[in-house]
Amino acid sequence: MAVGISSVWGRVILGRLAQAVLVAWAVATLVFFMLEALPGEAALRVVIARLGAERVTDAAIARAAAEAGLAAPMLERYGAWILGTLRFDFGHSLVSGQPVAPELWRHGQHTLTVGLAGWLLSYLLAIPAGVLAGLRPGGVIDRLVLAAATALAATPAFLLGLGLMSLFALTLGWLPAAGSGTLAHVLLPAVTLALALTATSARIVRHAVVETRSAFFPTYARVLGASNQSAVLRHSLPNVAVPLVAYASVQLALVLDGFLVIETLFAYPGIGDLLVKALLAHDVPVIQAVAVTIGFAFALLGLVADLATLAIDPRLRRPVAA
Amino acid sequence: MSLTRRTLLAASTASLALPARAQTQPTLRVVAPWEVTSLQPADTGYIFARMEVAETLVGVDPNGQLVGLVAERWSVDDDRLTWRFTVRDKRFHDGTPVTAAAVVQSLERVRTAGDSLAGVPIDRIDAVDNTVVIRTTRPFSPLPAFLVDYAAIILAPAAFGADGKVQQMIATGPYRVTRLEGATGFDQEAVAGSTPAIRAARYRAVGNGDTRGALAIAGDADLIYTLAPQVLPRITAAGRTRVLTETIARSRIMSFDCGRPQFREVAVRRAISLSIDRAGIARALLRHDPSAATQLLPPVLAGWHQPHLPALAFDPAEARRLLDAAGWRPGADGIRVKDGHALSFDVKTIANRPELPAMAAAIQANLADVGIRMTIQAGPSSAIPQSVRDGTLQASFFARTYVNVPDPIGTLLPDFATDRPAWGAVNWGNQAFRDLANAYTASFDAAERAGLQRRMAEVLHEELPTIPVSWFEHTAAASTRLGGVVLDPFETRYLISRMRWL
């Protein structure tokens with residue numbers, strides 16, 4: 001049996017890691033060819049990002065194209081990029097001339113801080129709200145949670161952020177309106193993110209609680225002599241957790257989507273901020289590096305979710321042949 | 001104790017265990033849209049020059065007067081080719097003395113890389129004792145003004161790496177950089193022994209205009225540059241910062257490919273100009289009546305702005321008469337036609353300057369009234385130079401500065417004396433203007449130069465190779481605790497060394 005379990009774990013880990021590499025490569029390759037297909041001269045956009053639009057000259061464009069090797073054939077540049085990435089060398093930014101990796105790490109730290117804070121906060125809100133709503137479906141709390149979740153889901157992240165900024169920074173003066181550097185600067189972007197995420201996760205929790213309560217196993221556990229508390233803790237909650245953990249990993253996509261808007265609004269120098277500016281500047285090495293990182297992170301989070309689900313749900317650990 | 005932003009910030013700063021530093025006065029927090037994308041002078045020299053970290057040989061005061069920064073004084077020899085700039089007795093931020101040799105090295109690096117001084121016919125640059133000697137291939141009187149260009153900031157030899165790129169910002173200004181935070185900004189402090197009352201400052205780039213407005217309303221920064229007109233009443237109402245406005249040497253203009261049938265005739269360009277309700281646009285969209293342009297160059301450019309020129313008028317009836325007389329007759333759909341060409345065109349404008357698409361829409365309605373169809377294409381700023389390069393530009397609408405260097409000739413030469421300028425009149429090819437511009441750069445006689453300035457302004461006013469719509473108000477917000485704040489119409493310095501805490 002022990003051998004069977006470890007083979008399940010091993011299969012999940014190897015499968016997901018292979019998937020991570022494949023996803024990162026596919027995303028970055030897609031981005032590379034999409035950027036190639038964009039109309040307009042890449043060197044012109046790089047020059048504008050560096051010198052400003054008003055100082056564009058033919059000579060500056062020619063210099064930028066030569067420096068960045070943009071005149072080389074497309075497949076040659078693609079090949080060079082793949083080889084560099086395999087050596088964990090993301091190259092240099094076409095705009096700043098600096099290595100991409102440290103820049104990615106600097107922005108990544110900011111995003112991780114807000115992302116983790118917002119993600120955890122969303123579950124601090126979603127779990128109690130969802131459980132309370134699910135315990136009495138159709139009740140007052142359920143309807144209130146549904147109304148709040150619908151309103152939050154229908155509100156774009158930038159509007160949510162503007163509202164919070166207007167209330168807590170401009171009107172009450174409790175928090176800084178934008179910027180970075182202190183924990184106070186993390187709060188507004190994190191809360192904006194948390195509220196956006198809570199909208200859906202509260203509904204997931206509520207649904208799981210309703211399903212679990214109507215299932216037979218808590219009753220069965222009590223018939224077998226388990227206490228009410230034990231039935232909930234040992235049988236109900238793990239069953240609520242399974243869909244929640246699976247959904248939590250999917251939320252990364254929402255987190256990244258939200259960051260593009262939230263970081264721009266709060267002038268927060270995270271990955272989203274880096275990506276938006278790199279896209280505007282046609283800074284291919286930076287865009288590629290962000291794409292690879294996000295693709296890889298997305299797949300790794302899937303791995304973590306799979307492992308967590310395996311740990312929670314003993315049914316998944318049963319050997320297939322058994 | 002009530003919960004305030006300051007207590008939260010203080011608590012959160014402490015929780016991050018940032019090094020505590022005894023401070024006798026607050027750090028001046030400066031916010032502007034521009035990121036520190038690199039340390040290269042041609043890329044971001046203007047940020048370090050504005051923050052008074054870096055200096056050029058020559059600077060310009062808000063009144064337009066050229067002043068010595070790294071140079072103490074300058075003169076030109078009788079040959080009108082040899083310029084001598086005496087270097088001021090001062091030190092770089094790393095403690096090394098500012099010598100003529102170091103200045104020459106710094107200038108040569110940006111010049112040979114093609115980053116700066118490209119418009120100046122420089123023969124050679126030499127160091128002689130404590131003097132920088134610049135020799136030109138032909139007489140070029142605006143040379144000192146061209147040295148104000150931020151790409152020509154003077155940096156210490158140790159600032160450059162082996163590849164010739166700037167690795168550290170070691171300059172000569174009254175402030176030195178103490179910490180760089182990527183593209184987001186940097187911290188700076190007054191150099192020991194220097195006189196500024198503001199001893200420490202922090203520059204932060206905030207690209208989003210709404211966020212800059214919010215920072216001004218909340219008082220979360222002390223100097224916030226470039227604000228949208230619609231946010232100004234809220235800033236004033238909040239009372240934490242005060243709004244400052246200054247007309248700067250920048251104009252919002254329509255530019256054309258004058259080689260196309262629609263724009264080849266001066267009569268058509270005049271008719272377009274007469275169709276535009278500049279006063280209405282200034283009032284309704286810019287909320288500032290004096291912004292309506294009466295000629296290309298605004299009054300702040302003394303000598304170039306010509307008060308005697310008749311103001312550009314709004315007269316749709318006269319526009320129709322001019323077009324009729326030129327043979328442009330209304331077609332079945334109301335759009336004027338001549339020789340099979342419709343008076344219809346696409347105008348490219350820049351989407352991230354929010355007032356431009358709105359102003360373009362107003363112009364579109366004005367032109368429709370006289371039988372001209374204009375289609376608006378709002379896009380990234382790269383779209384305009386791109387369309388000039390690939391020959392697809394018909395017309396464009398954008399804001400243009402005329403003080404890339406403090407003498408507008410630095411902008412007028414590339415915009416009106418070349419065939420395919422990125423931001424000027426494409427295919428205008430007016431030889432009279434080129435002759436005037438060249439005569440101006442060669443003249444050292446003040447009266448003669450004034451006459452040439454007047455003639456150039458008159459040609460641009462009569463020919464309208466570009467059509468001015470409005471001048472430009474530079475807006476900023478300053479903390480109510482800050483005194484001595486002045487907006488520089490030449491956009492070269494924030495002049496924080498002249499400010500003080502109240």
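Being a predicted model, the structure only gives us computed values, none of them experimental.

Draft legend 1. Quick look at the pairing of strand β4 (residues 71–76) of chain B. All names here are of chain B. The sheet contact formed by β4 and strand β5 (residues 82–87) spans five bridges and is antiparallel. Across the sheet, the residue bridging to A71 is V87, located in β5. Between β4 and β5, which pair antiparallel in sequence order, lie five residues; one of them, R80, sits at a positive phi of approximately 60°.

Draft legend 2. Layout of the pattern of salt bridges. Evaluated as defined, the whole model comprises 43 salt bridges over all chains. Its salt-bridge partner being B:E55, residue B:K90 comes within 2.6 Å of it at the nearest N-O pair. In this pair, B:K90 is assigned in the loop between β5 and α3 (100–112) and B:E55 in the loop between α2 (41–50) and β2 (58–60), connecting sequence segments 35 residues apart. The burial state of B:K90 is the same as that of B:E55; both residues are buried. Between B:R111 and B:E108 there is a salt bridge, with its nearest N and O atoms 3.4 Å apart. Here B:E108 and B:R111 lie together in helix α3, a separation of three residues that amounts to about one turn. One salt-bridge network, in which partners are shared between bridges, spans A:E54, B:R250, B:R400, B:D415 and B:E491.

Draft legend 3. Highlighting the packing of aromatic side chains. Using the criterion set out here, one finds 23 aromatic pairs over all chains in the structure. Members of the aromatic cluster, joined through ring pairs, are A:F32, A:F33, A:Y78 and A:W81. Stacked on the ring of B:F472, the Lys or Arg B:R250 has its end atom at 5.6 Å from the ring centre.

Draft legend 4. Representation of unusual backbone geometry within the structure. Residues and elements named next belong to chain B. The phi dihedral of R80 falls on the positive side, at around 60°, and the residue is not glycine. Residue position: R80 is located in the loop between β4 and β5. Judged by relative accessible area, R80 falls into the partly exposed class, the value being 42%. Within the chain, D129 stands out as a residue other than glycine whose phi angle is a positive 50°. Looking at where D129 falls in the secondary structure, it is placed in the loop between β6 (122–128) and β7 (131–136).

Draft legend 5. View of the interface of chain A and chain B. Facing the 44 residues of chain A at the interface are 48 residues of chain B. Here chain A and chain B share an interface that buries about 3,600 Å² over both sides, 50% of which is from carbon and sulfur atoms. In terms of surface lost to chain B, no three residues of chain A exceed A:E54, A:R55 and A:L170, which account for 20% of the buried area on that side. Taken together, the connections running from chain A to chain B amount to seven salt bridges. Our enumeration of links across chain A and chain B arrives at 13 residue pairs in polar contact (both at pLDDT 80 or more). Elements with a minimum of two residues in the side of chain A that touches chain B: α2 (42–51), α3 (58–67), α5 (100–135), α7 (157–171), α8 (183–214), α10 (228–265) and α11 (271–281) of chain A. When the residues that make up the side of chain A that touches chain B are grouped by side-chain class, the tally is 22 nonpolar, 10 polar and 12 charged.

Draft legend 6. Geometry of the domain arrangement of chain A. Taken domain by domain, chain A consists of domain 1 (2–86) and domain 2 (105–281). Measuring from the centre of the C-alpha atoms in domain 1 of chain A to the corresponding centre in domain 2 of chain A gives 32 Å.

Draft legend 7. Layout of the sheet that holds strand β14 (residues 336–338) of chain B. All names here are of chain B. Read across the open sheet, the three strands follow the order β13-β14-β15; overall the sheet is antiparallel. Pairing within the sheet leaves two strands with one partner each, and these edge strands are β13 (329–330) and β15 (341–342). Where β14 and β15 come together, two bridges link them in antiparallel fashion. Residue pairing in the sheet places K338 in a bridge with H341 of β15.

Draft legend 8. Inspection of the packing of helix α6 (residues 140–154) of chain A against α8(A) at higher detail. Residues and elements named next belong to chain A. Relative to each other, α6 and α8 sit at 140°, their axes nearing to 8 Å. By the angle class used here, α6 and α8 are oblique. For the pair α6 and α8, the crossing hand works out as left-handed. Residues D142, V145, L146, A149, L152 and A153 of α6 touch α8, and the partners they reach there are L195, A199, A202, R203 and R206. Residue composition of the contact of α6 with α8, by class: eight nonpolar, no polar and three charged.

Draft legend 9. Representation of the sheet that holds β4(B). All names here are of chain B. Taken in spatial order, the four strands make up an open sheet running β4-β5-β7-β6, and their pairing is antiparallel. Each of the sheet's edge strands pairs with one partner strand only, and the pair in question is β4 and β6. Across the sheet, the mean angle from the axis of one strand to that of its neighbour is 20°, orientation sign disregarded. Pairing geometry for β5 and β7, over five bridges, is antiparallel. Bridge pairing in β7 links F85 to V132. On top of the sheet, α3 reaches β5, β6 and β7; it is set at about 155° to β6, its chief contact.

Draft legend 10. Layout of the confidence of the model for chain B. Residue and element names in this part refer to chain B. Averaged over chain B, the pLDDT score is 91; the fraction of residues at 70 or greater is 94%. Mean pLDDT across the secondary structure elements of chain B bottoms out at helix α1 (residues 5–15), with 52, and peaks at β5, with 98. Across residues 13–23 the pLDDT falls below 50, and counting only partners more than four positions away or on other chains, this stretch makes seven contacts in the model.

Draft legend 11. Structural detail: the environment of B:D89. With respect to the element layout, B:D89 can be found in the loop between β5 and α3. You can call B:D89 exposed: its relative accessible area is 81%.

Draft legend 12. Spatial organisation of the side chain of B:Q386. Relative to the helices and strands, B:Q386 resides in helix α11 (residues 383–390). Take B:Q386: its relative accessible area is 14%, and that puts it in the buried class. Within the structure, the side chain of B:Q386 is placed 2.6 Å from the backbone nitrogen of A:E41, a separation counted as a polar contact. Setting aside residues up to four positions removed in sequence, B:Q386 forms contacts with A:G40, A:E41 and A:L44.

Draft legend 13. View of α7(A). Residues and elements named next belong to chain A. For α7, built from 15 residues, the straight-helix expectation of 21 Å at 1.5 Å per residue is met to within 8% by its first-to-last C-alpha distance of 20 Å. Of all bends in α7, the biggest is about 30°, found at M165. For α7, the full list of buried residues reads A157, L160, G161, L164, M165, A169 and L170.

Parameters and conventions
Residues numbered from 1 in each chain as written. Chains lettered and ligands numbered in written order. Predicted model: local features only at pLDDT ≥ 70, side-chain atom pairs only at ≥ 80, totals over all residues. Heavy atoms only, no water. Pairing = 2+ DSSP bridges. Helix = DSSP H or I, 4+ residues; strand = E, 2+ residues; numbered from the N terminus. Salt bridge = Lys/Arg side-chain N within 4 Å of Asp/Glu carboxyl O. Buried < 20%, exposed > 50% of the residue type's maximum accessible area, 1.4 Å probe, protein only. Phe/Tyr/Trp six-rings, centres within 6.5 Å; stacked < 30°, edge-to-face > 60°. Lys NZ or Arg CZ within 6 Å of the ring centre and 35° of its normal. Contact = heavy atoms within 4.5 Å. Buried area = accessible area lost by both parts, 1.4 Å probe. Polar contact = N/O pair within 3.5 Å; in protein donor to acceptor, adjacent residues only side chain to side chain. Nonpolar A, V, L, I, M, F, W, Y, C, P; charged D, E, K, R; others polar. Domains from an automatic or database assignment. Axes fitted to C-alpha atoms, helices over the stretch in contact; angles between N-to-C directions. Parallel < 35°, antiparallel > 145°, perpendicular 65-115°, else oblique. Left-handed = near helix turned anticlockwise from the far one by under 90°. pLDDT = per-residue confidence, 0-100. Expected span 1.5 Å × (residues − 1). Bend = angle between axes of the 7 residues up to and from the residue.

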